[in-house]
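# Chains, contacts and geometry: an overview
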Amino acid sequence: MKPVKKNIQDGSICILGIGFDQNSSFQKGASLAPDRIRESYFSESSNLWSEKGLDLGSVKHLYDLGNIDFKTGMEDFNHITNSVKAVLDQGSHLICLGGDHSITFPVIKAYAQKYDCLNILHLDAHPDLYDSLEGNIYSHACPFARIMEKKLAKRLVQAGIRTMTGHQREQAQKFDVEVNEMKDGINWLDSLEFEGPVYLSLDLDCLDPAFAPGVSHHEPGGITTRQVIDIIHRLKGKIIGADIVEYNPDRDLGSMTSMVAAKLLKEIIARIHEDTI
Ligand code: MN
Ligand code: MN
């Protein structure tokens, strides 16, 4: 990952930090995530090869765009949308590092301007479909309600879900969300297939807290790190962008969870490289 000096080349892959956690309902801390994930990405305890054999250190057009600066005085969500749009307009693929999950709404606003028929695969313990939470319609518990009511995606598939409420079941029905709940097992991967571009929104609390304790909401009964990697490897569809959100360094044990985030980042970069380059 190289810092960008000039314009980004068409077909490159970029990483952008969005350390924004003002819409977290329970605990702040995710704002510190992007730099910690970068540290783990480059940690000498591992290497820069993907499992399927891509040397990420040799990928020519892989760039780190740094973090969005939120001290510009611009309204935060518009600033996120404009920053993401500027990257997509240059023909680059983008992986955003949150931040809490509220950032996915302004991020997808930019993607929707580029892709008419966007599919989203959303891995999370939570459906994040609340119409509002504690009076905040932009809460990290609401992004997929905002995305679907504005018709920014043609298809939303969720997996890892284990905190459905009555209200969110109604919301899922209203927006035709395909929800794969943990109670129903994880065989959905084999039958799932996407037509058109797929955006992967990866909330780290989709993982069982045993694998990723560094998140604000510990929700037992989740998927394993291995299963998330298998999803990244085996998903039938073309992944064109992604986010990794909700890493909270304040809750981590050592760097256990940032290493998970960094590993998943490597596998996502490799998958986007394989799908699009
Ligand atoms: Mn979430
Ligand atoms: Mn979650």
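These remarks concern the structure in this document. These numbers were taken from a predicted model, which means no experiment stands behind them. (Residues numbered from 1 in each chain as written. Chains lettered and ligands numbered in written order. Predicted model: local features only at pLDDT ≥ 70, side-chain atom pairs only at ≥ 80, totals over all residues. Heavy atoms only, no water.)

## Things to note about the coordination of the manganese ion (ligand 2)
Within the protein, the atoms that donate to the manganese ion (ligand 2) are Asp124 (OD), His126 (ND1), Asp203 (OD), Asp205 (OD) and Asp205 (OD), at distances of 2.2 to 2.4 Å. Binding-site remark: the manganese ion (ligand 2) is held by donors from one chain whose sequence spacing is D-x1-H-x76-D-x1-D. Taken as an interatomic distance, the gap from the manganese ion (ligand 2) to the manganese ion (ligand 1) is 3.3 Å; Asp124 donates to each of them. Of this pair, Asp124 sits in the loop between β5 (119-123) and α4 (143-149) while Asp203 sits in strand β8 (residues 193-203); the two residues are 79 residues apart in sequence, bridging distant segments of the chain. The exposure class of Asp203 is buried, given its relative accessible area of 2%. (Donors = N, O, S within 2.8 Å, 3.2 Å for Na, K, Ca; no water. Helix = DSSP H or I, 4+ residues; strand = E, 2+ residues; numbered from the N terminus. Buried < 20%, exposed > 50% of the residue type's maximum accessible area, 1.4 Å probe, protein only.)

## What about the pattern of salt bridges?
Two side chains with opposite charge may pair up if their charged atoms get near one another. Taken as a whole, this structure holds 14 salt bridges when the rule is applied. Lys183 serves as the salt-bridge partner of Asp184, at 3.2 Å between the closest nitrogen and oxygen. With relative accessibility at 52%, the residue Asp184 sits in the exposed group. Taken together, the shared-partner salt bridges in this structure form one network comprising Glu51, Arg226, Asp230 and Lys263. (Salt bridge = Lys/Arg side-chain N within 4 Å of Asp/Glu carboxyl O.)

## A closer look at the layout of surface pockets
Reported here for the largest pocket is a volume of approximately 200 Å³. Taken together, 16 residues form the lining of the largest pocket, with His126, Asp128, His140, Ala141 and His217 sitting closest to its centre. (1 Å grid on protein atoms, 1.4 Å probe; cavity = no way out; pocket = protein on both sides within 12 Å on 5 of 7 lines; lining within 4 Å. Points joined across faces, edges and corners; volume = space filled by probe spheres on them.)

## Details of the coordination of the manganese ion (ligand 1)
Protein-derived coordination of the manganese ion (ligand 1) comes from His101 (ND1), Asp124 (OD), Asp128 (OD) and Asp203 (OD), at a distance range of 2.1 to 2.2 Å. One chain supplies every donor for the manganese ion (ligand 1), spaced along it as H-x22-D-x3-D-x74-D.

## Examining the nonpolar core
Leu121, Leu123 and Leu265 are the most contacted members of the largest nonpolar core, which totals 46 residues. Ranked by the residues each element gives to this core, the list is headed by helix α8 (residues 256-276), at 8 residues. With near-sequence residues (within four places) excluded, Leu123 lies in contact with Ala159, Trp188, Leu200, Ser201, Leu202, Asp203, Cys206, Val228 and Ile231. If you look at the next biggest cluster of nonpolar residues, it comprises 40 residues, including Phe20, Val84, Val87 and Ala110. (Core = buried A, V, L, I, M, F, W, Y, C linked by side-chain atoms within 4.5 Å. Contact = heavy atoms within 4.5 Å.)

## A short note on the state of the cysteines
The tally for this structure, following the rule as stated, stands at 0 disulfides. Left without a disulfide partner, Cys14 is nearest to the cysteine sulfur of Cys96, which lies 10 Å away. With no disulfide of its own, Cys142 lies closest to Cys206 among cysteine sulfurs, the gap being 19 Å. For Cys142, a relative accessible area of 0% gives the class buried. (Disulfide = S-S within 2.5 Å.)

## Thoughts on helix α2 (residues 76-89)
The end-to-end C-alpha distance of α2 is 20 Å, a good match for the 20 Å that 14 residues give at a rise of 1.5 Å each. Listed as buried for α2 are Phe77, His79, Ile80, Thr81, Ser83, Val84, Val87 and Leu88. Buried residues belonging to α2 abut β2 (13-18), β3 (62-67), β4 (93-98) and α3 (104-114). Looking one or two residues beyond α2, the residue adopting positive phi is Gly91, at roughly 80 degrees. (Expected span 1.5 Å × (residues − 1).)

## Re the side chain of Asn119
Locating Asn119 in the fold gives a position in strand β5. If sequence neighbours within four positions are ignored, Asn119 has contacts with Lys154, Arg155, Phe194, Glu195, Gly196, Pro197, Val198 and Tyr199.

## Re the packing of helix α1 (residues 33-41) against α8
Two elements in contact, α1 and α8, have axes separated by 8 Å at closest approach and are oriented at 75 degrees. Classified by the angle their axes make, α1 and α8 are roughly perpendicular. Across from Arg36, Ile37, Ser40 and Tyr41 in α1, the residues of α8 making contact are Ser258, Met259, Ala261, Ala262, Leu265, Lys266 and Ile269. Considered class by class, the residues forming the contact of α1 with α8 number 7 nonpolar, 2 polar and 2 charged. (Axes fitted to C-alpha atoms, helices over the stretch in contact; angles between N-to-C directions. Parallel < 35°, antiparallel > 145°, perpendicular 65-115°, else oblique. Nonpolar A, V, L, I, M, F, W, Y, C, P; charged D, E, K, R; others polar.)

## Side note on unusual backbone geometry
With an omega of 10 degrees, the peptide bond between Gly98 and Gly99 qualifies as cis. Along the chain, the position of Gly99 falls in the loop between β4 and α3. Notably, Glu134 is not glycine yet its phi reads approximately 50 degrees, a positive angle. Within the fold, Glu134 resides in the loop between β5 and α4.

## Overview of the pairing of strand β6 (residues 155-161)
Two faces make up the sheet, and in a regular strand the side chains alternate between them. Among the 7 residues that make up β6, 6 are buried, leaving the element largely enclosed by the rest of the structure. Relative to β6, β5 runs parallel, the two sharing 5 bridges. Counted as the bridge partner of Asn119 is Arg155 from β6. Handedness of the crossover is the feature at issue here: the chain leaves β5, passes through α4, returns alongside β6, and the resulting connection is right-handed. Looking at chain direction, β6 and strand β7 (residues 178-181) are connected through 4 bridges and run parallel. Across the sheet, the residue bridging to Ala159 is Asn180, located in β7. On the question of chirality, the crossover connecting β6 to the parallel β7 by way of helix α5 (residues 166-174) is right-handed. (Pairing = 2+ DSSP bridges. Right-handed = clockwise from strand over helix to strand, strands pointing away.)

So far we have only geometry, and geometry alone does not tell us how the molecule works.
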